[in-house]
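Examination of the molecular architecture
Chain residues, written in single-letter form:
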Amino acid sequence: MTAKLVVLVSGSGSNLQALIDACADPAYGAEIAAVGADREGTFGIERAEKAGIPTFVHRVKDYPTRDAWDEALTAEVASHDPELVVSAGFLKLCGPRFLAAFPGRYVNTHNSLLPAFPGMNGPGEALAAGVKLAGATLFICDSGVDTGPIVAQCAVPVEDDDTVETLTERIKEAERAQLVASVGRMVRDGWKVEDRRVRLG
Ligand SMILES: Nc1nc2c(c(=O)[nH]1)N[C@@H](CN(C=O)c1ccc(C(=O)N[C@@H](CCC(=O)O)C(=O)O)cc1)CN2
Ligand SMILES: NCC(=O)N[C@@H]1O[C@H](COP(=O)([O-])[O-])[C@@H](O)[C@H]1O
């Protein structure tokens, strides 16, 4: 059976593109049922449209409350009946309704080695902290901010002459490969979460 994914983005969508490319191989075991964003004009949505994938946009400011936005986003994503929801550069924290709708089935890729440097500026905080290893983390989202159980991590070196931009790009290279490999294993082999430990297969 081919697993359905819904991917959520807010920006350039290079992680999304990696998943689009991977899904072109039937052996990968997944298809992207829809791509959603929290804002208009993202290149990620453009990438999905170019690939013929249904898209949607739900902006927080279009709703009377944050909870109303969360309810609308939950209904939209659920309408595509995904086995797995993947956020990749999606810059909104999903609320309790969303998490309850996709328990253990909502993952996010983040550009730091969590629990270090959660939030919106992982590479910048890693650089400022002077760490020698940075990287990316794929995790199952919970009600916290980047606090959920970890599916996979990958490390990259921080070079002496790195800028935020050069480090961000180096992390992204490794992050995309990790995302494709990990999502593929999840959809083909399944996963279990026991006491914050995620076991694939
Ligand atoms: N329930 C959860 N939802 C999401 C998580 C999570 O861990 N739990 N991770 C994020 C992705 N993320 C980091 O990887 C992240 C995204 C956004 C924020 C944040 O503070 N967002 C603000 C608005 C920021 C903006 O619009 O510019 C907000 O949501 O109000 C922190 C971490 C995906 N969802
Ligand atoms: N914590 C949120 C966050 O900063 N996420 C980061 O946004 C980038 C999206 O890149 P992309 O749009 O090219 O896939 C990714 O590197 C992801 O780790």
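Here the structure is a predicted model, which means the values were calculated and not measured.

1. Topic: the layout of surface pockets
By volume, the largest pocket is sized at about 710 Å³. Considering the residues around the largest pocket, the lining is formed by 37 residues, among which Gly89, Phe90, Leu91, Thr109 and His110 are closest to the centre. Mapped onto the lining of the largest pocket, the elements with two or more residues apiece are helix H1 (14–23), strand E4 (84–88), strand E5 (106–110), helix H5 (122–129) and helix H6 (164–189). Taken together, the residues that form the lining of the largest pocket break down as 13 nonpolar, 19 polar and 5 charged. Inspection of the lining of the largest pocket shows a minimum of three residues originating in each of domain 1 (1–102) and domain 2 (109–201).

2. Let's talk about the domain arrangement of the protein
Each assigned domain of the protein is listed here: domain 1 (1–102) and domain 2 (109–201). Taking only C-alpha atoms, the centre of domain 1 and the centre of domain 2 are 19 Å apart. Domain 1 puts 20 residues into the contact, and the matching count from domain 2 is 18 residues. For the pair domain 1 and domain 2, the two sides together bury roughly 1,500 Å², of which 70% comes from carbon and sulfur. Summed over the three residues of domain 1 that lose the most area to domain 2, namely Asn15, Tyr28 and Leu84, the buried surface amounts to 35% of that side. Where domain 1 packs against domain 2, one counts 0 salt bridges. Seen at the junction of domain 1 and domain 2, the total is 6 residue pairs in polar contact (both at pLDDT 80 or more). Among the elements of the structure, strand E1 (3–9), H1 and E4 are those that each provide at least two residues to the side of domain 1 that touches domain 2. Each residue belonging to the side of domain 1 that touches domain 2 can be placed in one class, and the counts come to 14 nonpolar, 5 polar and 1 charged.

3. Observations regarding the side chain of His58
Residue position: His58 is located in the loop between strand E3 (55–57) and helix H3 (66–78). Every residue in contact with His58, bar those within four places of it in the chain, is listed here: Ala37, Asp38, Tyr63, Trp69, Ala72, Leu73 and Glu76.

4. Topic: H1
With respect to burial, H1 is a largely interior element, 8 of its 10 residues being buried. Listing the buried residues of H1 in full gives Ser14, Asn15, Leu16, Ala18, Leu19, Ile20, Ala22 and Cys23. Where the residues of H1 are buried, they touch E1, strand E2 (30–37), helix H2 (43–50), E4, E5 and H6.

5. Digging into the nonpolar core
Of all hydrophobic cores here, the largest spans 31 residues; its most connected members are Leu19, Ile32, Val35 and Val183. Mapped onto this core, the elements with two or more residues apiece are E1, H1, E2, H2, E4, strand E6 (133–140), strand E7 (150–157) and H6. Here this core gets 6 residues from one element, more than from any other, and that element is H1. Mapping this core onto the domain boundaries places at least three of its residues in each of domain 1 (1–102) and domain 2 (109–201). The residues touching Ile32, leaving out its near neighbours within four places in the chain, are Leu5, Val7, Leu16, Leu19, Ile20, Cys23 and Ile53. Within the second largest apolar cluster, 17 residues are counted, among which are Val6, Phe56, Phe102 and Phe139.

6. A look at the pairing of E4
Most of E4 is tucked away, with 5 of its 5 residues classed as buried. When E1 meets E4, the two strands line up parallel, connected through 4 bridges. Each bridged residue has a counterpart across the sheet, and for Leu5 the counterpart in E4 is Leu84. Sheet topology note: the E4/E5 ladder contains 4 bridges and is parallel. When the sheet's bridge partners are listed, Ala88 is paired in E5 with Thr109. In the classification by handedness, the crossover that spans E4, the intervening helix H4 (residues 96–101) and the parallel E5 is right-handed.

Analysis parameters
- Residues numbered from 1 in each chain as written.
- Chains lettered and ligands numbered in written order.
- Predicted model: local features only at pLDDT ≥ 70, side-chain atom pairs only at ≥ 80, totals over all residues.
- Heavy atoms only, no water.
- 1 Å grid on protein atoms, 1.4 Å probe; cavity = no way out; pocket = protein on both sides within 12 Å on 5 of 7 lines; lining within 4 Å.
- Points joined across faces, edges and corners; volume = space filled by probe spheres on them.
- Helix = DSSP H or I, 4+ residues; strand = E, 2+ residues; numbered from the N terminus.
- Nonpolar A, V, L, I, M, F, W, Y, C, P; charged D, E, K, R; others polar.
- Domains from an automatic or database assignment.
- Contact = heavy atoms within 4.5 Å.
- Buried area = accessible area lost by both parts, 1.4 Å probe.
- Salt bridge = Lys/Arg side-chain N within 4 Å of Asp/Glu carboxyl O.
- Polar contact = N/O pair within 3.5 Å; in protein donor to acceptor, adjacent residues only side chain to side chain.
- Buried < 20%, exposed > 50% of the residue type's maximum accessible area, 1.4 Å probe, protein only.
- Core = buried A, V, L, I, M, F, W, Y, C linked by side-chain atoms within 4.5 Å.
- Pairing = 2+ DSSP bridges.
- Right-handed = clockwise from strand over helix to strand, strands pointing away.

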